[in-house]
Amino acid sequence: VQLQASGGGLVQPGGSLRLSCAASGNIFAINTMGWYRQAPGKQRELVGTITKGGSTNYADSVKGRFTISRDNAKNSLYLQMNSLKPEDTAVYYCNANGRRFGAPFDSWGQGTQVTVSS
């Protein structure tokens, strides 16, 4: 299963960006999808996750500013980021787990750069 993330870029503090992630391949069902990020010199950290039923979980650092959503019909994941701060600068990765026809999968996208700077 392949994940393709897009939507990153350069934005000023206080601005907004929307990331997208599309899953493709031999997919039977996708369970939990999520966004993670990795800043230079730091470990990858959780941004938030969303279950197939739509239940969400967010890191404290992004609560109230970021919103995760998904379109199950399109096997797609989104991250709406508002009120961006310089500390949100990182490479953002999408993740999905579920089942292919015959085996489970846990896949990562290639990452998309988000830079928050004036």
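Residues numbered from 1 in each chain as written. Predicted model: local features only at pLDDT ≥ 70, side-chain atom pairs only at ≥ 80, totals over all residues. Heavy atoms only, no water.

1. Topic: the overall build of the protein chain
Note the cut-off: Secondary structure follows DSSP: runs of H or I at least 4 residues long count as helices, runs of E at least 2 residues long count as strands, and numbering of each begins at the N terminus. Both definitions apply: the radius of gyration is a C-alpha atom measure, and the globule rule equals 2.2 Å times residues to the power 0.38. Using a 1.4 Å probe on the protein chains alone, a residue whose accessible area is under 20% of its type maximum counts as buried, one over 50% counts as exposed, and one in between counts as partly exposed. Should any heavy atoms of two residues lie within 4.5 Å, those residues are considered in contact. Computed with a 1.4 Å probe, the accessible areas rest on the Shrake-Rupley method; for each residue, only the protein chains presented here act as cover. When charges are counted, Lys and Arg are positive and Asp and Glu negative, with His and the chain ends excluded. Charge placement uses NZ in Lys and CZ in Arg. For Asp and Glu, CG and CD serve respectively.
Each helix and strand in the protein chain was counted, giving 0 helices and 11 strands. The globule rule puts the C-alpha radius of gyration for 118 residues at 13 Å, and the 14 Å found for the protein chain is close to it. Each principal axis of the C-alpha distribution contributes one length, and for the protein chain these read about 50 × 25 × 20 Å. The 118 residues of the protein chain split such that 41% are buried. Within the protein chain, residue pairs in contact and separated by at least 24 positions form 53% of the contacts whose partners lie at least 6 positions apart. Entry remark: accessible area of the protein chain is about 6,100 Å², with carbon and sulfur atoms responsible for 46%. In the protein chain, the 12 positive side-chain charges and the 6 negative ones have mean positions that sit 6 Å from each other.

2. A short note on the packing of aromatic side chains
Defined as follows: Whether two aromatic rings pair depends on their centres lying within 6.5 Å, for rings of Phe, Tyr and Trp, where Trp uses its six-membered ring; planes under 30 degrees apart make the pair stacked, over 60 edge-to-face, and the rest tilted. Remark: a charge is flagged as sitting over a ring if the NZ atom of Lys or the CZ atom of Arg is within 6 Å of the ring centre and within 35 degrees of the ring normal.
As enumerated under the stated definition, the model contains 2 aromatic pairs in all. Geometrically, the ring pair formed by F28 and F101 is edge-to-face, given 5.2 Å between the ring centres and 75 degrees between the ring planes. Taken as a pair, F28 in strand β4 (residues 27-38) and F101 in the loop between β9 (90-100) and β10 (104-108) lie far apart in primary sequence, 73 residues in all. The ring of Y93 carries the charged tip of R44 above its face, separated from the ring centre by 3.8 Å.

3. Topic: the sheet that holds strand β3 (residues 17-24)
We count it as follows: A pair of strands is considered paired only if DSSP assigns at least 2 bridges between the two. Only the stretch in contact is used when fitting a helix axis, every axis being a line fitted to C-alpha atoms; angles between N-to-C directions are given from 0 to 180 degrees.
The antiparallel open sheet is built from 4 strands, whose spatial order is β1-β3-β8-β7. The open sheet has two free edges, formed respectively by β1 (2-6) and β7 (66-71), since each of these has just one partner strand. Taken pair by pair, the neighbouring strands of this sheet meet at an average axis angle of 15 degrees, ignoring direction. Where β3 meets strand β8 (residues 76-81), 6 bridges bridge the pair, whose relative direction is antiparallel.

4. Here's the deal with the nonpolar core
Quick note on the threshold: Buried Ala, Val, Leu, Ile, Met, Phe, Trp, Tyr and Cys residues form a nonpolar core when they are joined through side-chain atoms within 4.5 Å.
W35, F66, L77, L79, M81 and Y92 are the most contacted members of the largest nonpolar core, which totals 30 residues. Counting residues per element, the ones that place at least two in this core are β1, β3, β4, β5 (45-50), β7, β8, β9 and β11 (112-116). Residues in contact with L79, not counting those within four places in the same chain, are L17, R18, L19, W35, V47, F66, T67, I68 and Y92.

5. Some words on the pairing of β9
Bridging between β4 and β9 involves 9 bridges; their strand directions are antiparallel. For I30, the partnering residue across the bridge sits in β9 and is G98. Summarising the sheet, β9 and β11 pair through 3 bridges and their orientation is antiparallel. Each residue of the ladder has a partner; that of V91, found in β11, is Q113. When β9 meets β10, the two strands line up antiparallel, connected through 5 bridges. Opposite N97, over in β10, you have D106 as the bridge partner. Taking the residues that link successive antiparallel strands as the turn, the β9-β10 hairpin has 3 residues, and the phi of G102 there is positive, at about 120 degrees.

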